[in-house]
Amino acid sequence: MSEPGPADFTASAQRHGVGPSGRGVPPLRRTAGRFVTAASLGVAFLASLMWVDVLAGNVVPVLQALTPVWIVAAFGCLALTLVVRTRASFVALVPLVVSTLAAAVALSSHPDVPREVATRAGDHHLRVLSLNSELGEAETASVMEAVRETNPDVVVFVEMTTARLRSLDDAGLAQRFAHRSRGMIDDGSRGTVILSRFPTETLDADTELGPWDLQSPVVRVHAPGAQIVVKGVHTYPPLRDGVAQWRPQLRAEGEWQRERAAEHVVMAGDFNASRAHPAFRQLSRGMVDAYPHVHGAWRPTWPMGGSIPAFSQIDHILTRGFVPEQAGIVTVEGTDHAGVWSDLRY
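This part takes up the overall build of the chain. In terms of regular secondary structure, the chain is built from twelve helices and twelve strands. A compact globule built from 346 residues should have a C-alpha radius of gyration of about 20 Å, whereas the chain, at 26 Å, is more than 25% larger. Seen through its C-alpha atoms, the chain measures out along the principal axes to roughly 105 × 45 × 35 Å. Counting only residues that meet the buried cut, the chain has 50% of its 346 residues in that class. The long-range fraction of contacts in the chain, counting pairs at least 24 apart against all pairs at least 6 apart in sequence, stands at 68%.

Shown next as structure tokens:
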């Protein structure tokens, strides 16, 4: 009877799940390792989509909006990798860490106030509140509570209706804000109105709307010490039936702000886009996003009050010529958006 040779030992090791190094990898762990490896590579791919400016129907914008979810999922993949400890799962950590770290840095980074603006700014303040009232369904009492809490000088209401605005006026809004933009369209999804404590001049009521357009009025606010141009922004969401309009509308908003010669500009409203979208990063170029400037990070504003936790900041106050000194969000009953507010020094 001959003694077993090296080939016999190799075959026996393979049958018992022992690799060339002599360490066993049980079949269940190998299967789990393959799953974790695939999951890590998948999350890495999804996180990297925030650098891709394509639509693919509406698939890519939706996946980009979920970038914060992919960053959280990366921690889960890391934990599972430490459990299964297979070579392939460890290798997959490289693209996972690189892509999610880059996404996290991009989401948290924001343009700073230019030095000349900070130097020139005086002691005047403009406090701005923006809220999507969700087809005019935001509860009057809750809206008024948010107004009292934030005490704004200017309010931008998106998705406002005549009936809801009348209810708010009856509750005391008219006494606080005697001035407002003209020509609000009485359509729950399309109507936008700007209210102000200071005298205003409507520069563009934006009432000539196409099939996919949402109202974005522009006013000049005659505030103490400055003439401030305020634009209420509402772009079409990246839904399948109108996603082709979403990116051109964001592009148009970016072109609008870069063409403004005014020293002080505020764009506030529901952009239906976050910093995870290349189109929004291009739109906001040259402007300061108030909330992340103050807090050093974004905070989700949608969807609020549902079974799914809020994961995307699509409501913004973009500024030029100001130093945002305070900022926050307020929750309002009856709407799936949080309100955003900021105190702007100029």
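It is worth spelling out the side chain of T235 at this point. Assignment of secondary structure puts T235 in the loop between strand 7 (226–234) and helix 10 (243–259). We classify T235 as buried; its relative accessible area is 0%. Here the side chain of T235 touches F271 through a polar contact of 2.5 Å, landing on its backbone oxygen.

Once that is clear, we can look at the sheet that holds strand 3 (residues 179–180). A sheet is described by the order of its strands in space; here six strands give the open sequence 3-4-2-1-12-11, paired in mixed fashion. On the outer flanks of this sheet lie strand 3 and strand 11 (323–330), each paired with one strand and no other. Bridge analysis of strand 1 (residues 125–132) against strand 12 (residues 339–345) gives six bridges, and the strand direction is antiparallel. Bridge pairing in strand 12 places L129 opposite W341. Lying on the sheet, helix 7 (residues 140–150) is in contact with strand 1, strand 2 (154–158), strand 11 and strand 12; it crosses strand 1 at an angle near 160 degrees.

Scanning all chains against the criterion turns up four aromatic pairs. The interplanar angle of 85 degrees and the centroid separation of 5.7 Å between the aromatic rings of F271 and F280 together place this pair among those described as edge-to-face. For F271, a relative accessible area of 0% corresponds to the buried category. Classification of F280 as buried rests on a relative accessible area of 1%.

Right, let's get into the packing of helix 2 (residues 27–48) against helix 5 (residues 87–108). The interhelical angle for the contact between helix 2 and helix 5, taken along N-to-C directions, is 20 degrees, at an axis separation of 8 Å. Put simply, helix 2 runs roughly parallel to helix 5. Judged by the sense of rotation from one axis to the other, the crossing of helix 2 with helix 5 is left-handed. Along the contact surface, helix 2 presents G33, V36, T37, S40, L41, V43, A44, A47 and S48, while helix 5 presents A88, S89, A92, P95, L96, S99, T100 and A103. Its residues placed into classes, the contact of helix 2 with helix 5 shows ten nonpolar, seven polar and no charged.

For the rest of this paragraph, the subject is the sheet that holds strand 5 (residues 200–204). Backbone-to-backbone hydrogen bonds join strands into a sheet, with any given pair of strands oriented parallel or antiparallel. Overall, mixed pairing links the six strands, which are arranged 5-6-7-8-10-9 in an open sheet. Of all the strands in the sheet, the pair left with one neighbour each is strand 5 and strand 9 (288–289). Relative to strand 10 (residues 315–320), strand 9 runs antiparallel, the two sharing two bridges. Counted as the bridge partner of D289 is L318 from strand 10.

Definitions and limits used
Residues numbered from 1 in each chain as written. Predicted model: local features only at pLDDT ≥ 70, side-chain atom pairs only at ≥ 80, totals over all residues. Heavy atoms only, no water. Helix = DSSP H or I, 4+ residues; strand = E, 2+ residues; numbered from the N terminus. Rg over C-alpha atoms; globule rule 2.2 N^0.38 Å. Buried < 20%, exposed > 50% of the residue type's maximum accessible area, 1.4 Å probe, protein only. Contact = heavy atoms within 4.5 Å. Polar contact = N/O pair within 3.5 Å; in protein donor to acceptor, adjacent residues only side chain to side chain. Pairing = 2+ DSSP bridges. Axes fitted to C-alpha atoms, helices over the stretch in contact; angles between N-to-C directions. Phe/Tyr/Trp six-rings, centres within 6.5 Å; stacked < 30°, edge-to-face > 60°. Parallel < 35°, antiparallel > 145°, perpendicular 65-115°, else oblique. Left-handed = near helix turned anticlockwise from the far one by under 90°. Nonpolar A, V, L, I, M, F, W, Y, C, P; charged D, E, K, R; others polar.

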